[in-house]
Every structure is written in structure tokens, then in C-alpha cells.
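# Structure at a glance
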Amino acid sequence: MADSRTSAEGGMETSYGFRDVAEGEKQGLVNDVFHKVAKRYDIMNDVMSAGMHRVWKDSMVAALNPRRDPSYKVLDVAGGTGDIAFRIVEASNRLAHATVLDINGSMLGVGAERAAKRKLSDNLTFVEANAEELPFPANSFDAYTIAFGIRNVPRIDVALSEAYRVLKRGGRLLVLEFSEVEMPLLDRFYDQWSFKAIPQFGKMITGEAEPYQYLVESIRKFPNQENFAAMIRTAGFSRVTHTNYTGGIAALHSGWKL
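Presented here is an overview of the structure given in this document.

Calculation rules
- Note that residues are indexed from 1 along each chain, following the sequence as it is written.
- Owing to the predicted nature of the model, reporting of local features is limited to residues with pLDDT of at least 70; listing and counting of side-chain atom pairs is limited to 80 or more, with chain, interface and lining totals taken over all residues.
- To get the side-chain values, take all heavy atoms of the structure and skip hydrogens and water.
- A fitted line through C-alpha atoms represents every axis, and for helices the fit uses only the stretch in contact; the resulting angles, taken between N-to-C directions, go from 0 to 180 degrees.
- Per the convention used, a helix needs a DSSP run of H or I reaching at least four residues, while a strand needs a run of E reaching at least two, with both numbered from the N terminus.
- Reported orientations rely on four angle classes, namely roughly parallel under 35 degrees, roughly antiparallel over 145, roughly perpendicular from 65 to 115, and oblique for the rest.
- Each crossing gets its hand from how the near helix is turned against the far one by less than a right angle, where anticlockwise is left-handed and clockwise is right-handed.
- Every residue pair with non-hydrogen atoms within 4.5 Å of one another is taken to be in contact.
- The classification of residues rests on relative accessible area computed with a 1.4 Å probe and restricted to protein chains. Under 20% of the type maximum is buried, over 50% is exposed, and intermediate values are partly exposed.
- Any two strands with at least two DSSP-identified bridges between them are counted as paired.
- Look down the strands so they point away from you; if going from the first strand over the helix to the second traces a clockwise path, that crossover is right-handed.
- In summary, the pairing rule links any two rings of Phe, Tyr or Trp, Trp by its six-membered ring, whose centres are within 6.5 Å, and it sorts them by plane angle into stacked for under 30 degrees, edge-to-face for over 60 and tilted for everything else.
- Here, nonpolar core refers to any group of buried Ala, Val, Leu, Ile, Met, Phe, Trp, Tyr and Cys residues whose side-chain atoms link them within 4.5 Å.

## Observations concerning the packing of helix 6 (residues 156–166) against helix 9 (residues 225–234)
The N-to-C vectors of helix 6 and helix 9 enclose an angle of 50°; their axes lie 9 Å apart at closest approach. Here helix 6 lies oblique to helix 9, going by the angle between them. Here helix 6 runs over helix 9; the crossing is right-handed. Note on element contacts: helix 9 touches helix 6 through F228, M231 and I232, opposite I156, D157 and L160.

Structure (C-alpha cells):
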């Protein structure tokens, strides 16, 4: 499956899973996927990761270590349901402010409802917008986070450049994404689980297998750890590193605007 991955030179902008689509067509197709799964997004992540996404997200927020300071501002992109933003606000002792940006209104609706139930609405702003065209001035945020969303952005290089633009000097980028498994036996097992089990579970849970088939294929098209790190460097970030989780099923990428 490694041969199907795109490189640091690009290619995700015309890749809808394993299917090639016209430039400009991908975003609408991806939007449709997330409208379909918005209400069951957390269940979807549990199926995709066998529940491990919760541990990985906790590790991501621990790595961020948000300041306990009302002036600390985080932009969480493609985070409509609030999963990462809630963790960040709680880790800051409910002092930090998180702006949750998503292109999908259905996902944002779920997040706003959950924020109200958790009494976190005062610490959160929900914005419907495109990661490739952030509606914020330069040097606005202390941190930019995106979990399991960057591979769904058609022009990843543009999104990374926008992340660099809106971060303050000294700000940090953290990207959590499914990646390339680097353990041969685990790789074989994960391929079997991904292509045979996940779409079937998706059909059982939501009545549709197609969104899950796309998500599985998109994981295999996404650049591997080194190639994605190269894209982050090209966007201008310094001190770029990555940490593998669970043998490389997921990886946390970090970069700084210095």
C-alpha cells in the first residue's frame, strides 16, 4: 500500500481515496462524507482506530501543554465536533480560548451542542470556513492544531502556509494524522482491518459503507511521515519533528514559527 501514497510534491488535491477526481471536485465530495457521518463521528473514530484515537488525542494535548492563561489562543482546524478543543480548554484549567474551525456546518453543529452541555461555550468560538483560506489576521494564534483532518484538505500545502501565517512568532503547529505503519506484521493486520472490517462496521453503524471506504483509502494516499514533515518545513516551520503512535498507525507532527 505504501506505493499508493502521494509524496511531498503533492497529489492529494485530486485524490478522493484511490479515485482521481478533477481539481476542485474533491472538497464537495469530502463535505458530503462528513455531512453523512457528523452525528456518529466519534463512533467512526473508535472504529477507525479501535478506540486508540482517544489516547492519541490526549497525547497530542499533553504535548501542546497549553498555558493556563486567558490570553492563550488556539485555532483547532477541522475540529468541528470539539474533541480536541475541549481537551485543550480543560488542560488550561478552562482559561485558554479555542477557535474551532471547520468547513462542514453539520460537524460544527454537533460541536456547539456538546460545548453547551459541557458548559464550555464561553471558552470556544465556532467558525465555518476553509482551512485553505483562514478568515483571521496574521499572527493571531499561539497554537494551531488539526487532528485527522489534514488529509481531507485538497491543497495541503496551502493549508500549511495559512497555518504559518496566522500563528504568532513562537507559535506551534501540531498535526495528528493517520500515517504509515512501520512494523511489517502490524501493517498486514491493519490493512486487513482497514479494507475488510472498517467499511462493514461503518455500514452496520450508519447504514453506509462508502464514507468509510473513502476514509480508509485517504489514509493510504496521505504522504508518509518523512514526506509530510518535508511539507511542513517547506511551509516555513522550524524544529519539525514527528512521533509515531502505535507503530506508525498515527503520527504527531510538530513545527514552530520562529
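## A short note on helix 4 (residues 83–91)
Count 3.6 residues to each turn of an α-helix, and residues three or four apart come out pointing the same way. For helix 4, the buried fraction is high: 7 of the 9 residues fall into the buried class. All of the buried residues in helix 4 are D83, I84, A85, F86, R87, I88 and V89.

## Topic: the pairing of strand 6 (residues 141–147)
In terms of residue burial, strand 6 counts as a mostly covered element, since 7 of its 7 residues are buried. Sheet analysis places strand 3 (residues 73–77) next to strand 6, joined by 4 bridges and oriented parallel. Across the sheet, D76 pairs through a bridge with T145, a residue of strand 6. Judged from the 6 bridges that link them, strand 6 and strand 7 (residues 167–178) form a sheet pairing that is parallel. Residue pairing in the sheet places Y144 in a bridge with L173 of strand 7. Regarding topology, helix 6 serves as the crossover connection from strand 6 to the parallel strand 7, and that connection is right-handed.

## Brief notes about the packing of aromatic side chains
By the definition in use, this model includes 6 aromatic pairs. With 6.1 Å between their ring centres and 85° between their planes, W56 and F178 make a pair best called edge-to-face. Taken together, the residues span a long stretch of sequence, with W56 in helix 3 (residues 53–64) and F178 in strand 7 at a distance of 122 residues. Considered together, W56 and F178 belong to a single accessibility category, that of buried residues. Ring geometry for F148 versus F178: centroids 4.6 Å apart, planes at 35°, classification tilted. With F148 in the loop between strand 6 and helix 6 and F178 in strand 7, this pair connects stretches of sequence that are 30 residues apart. Accessibility classification places F148 together with F178 in one group, the buried group. Taken together, the aromatic side chains of W56, F148 and F178 make up a single cluster linked through ring pairs.

## Comments concerning the nonpolar core
The nonpolar side chains of soluble globular proteins are, as a tendency, buried together. Membership of the largest hydrophobic core comes to 31 residues, with the highest contact counts inside it found for L75, Y144, L173, F228 and F237. Discounting chain neighbours no more than four positions away, the residues touching Y144 are L75, V77, L134, A159, A163, V166, L167, R172, L173 and L174.

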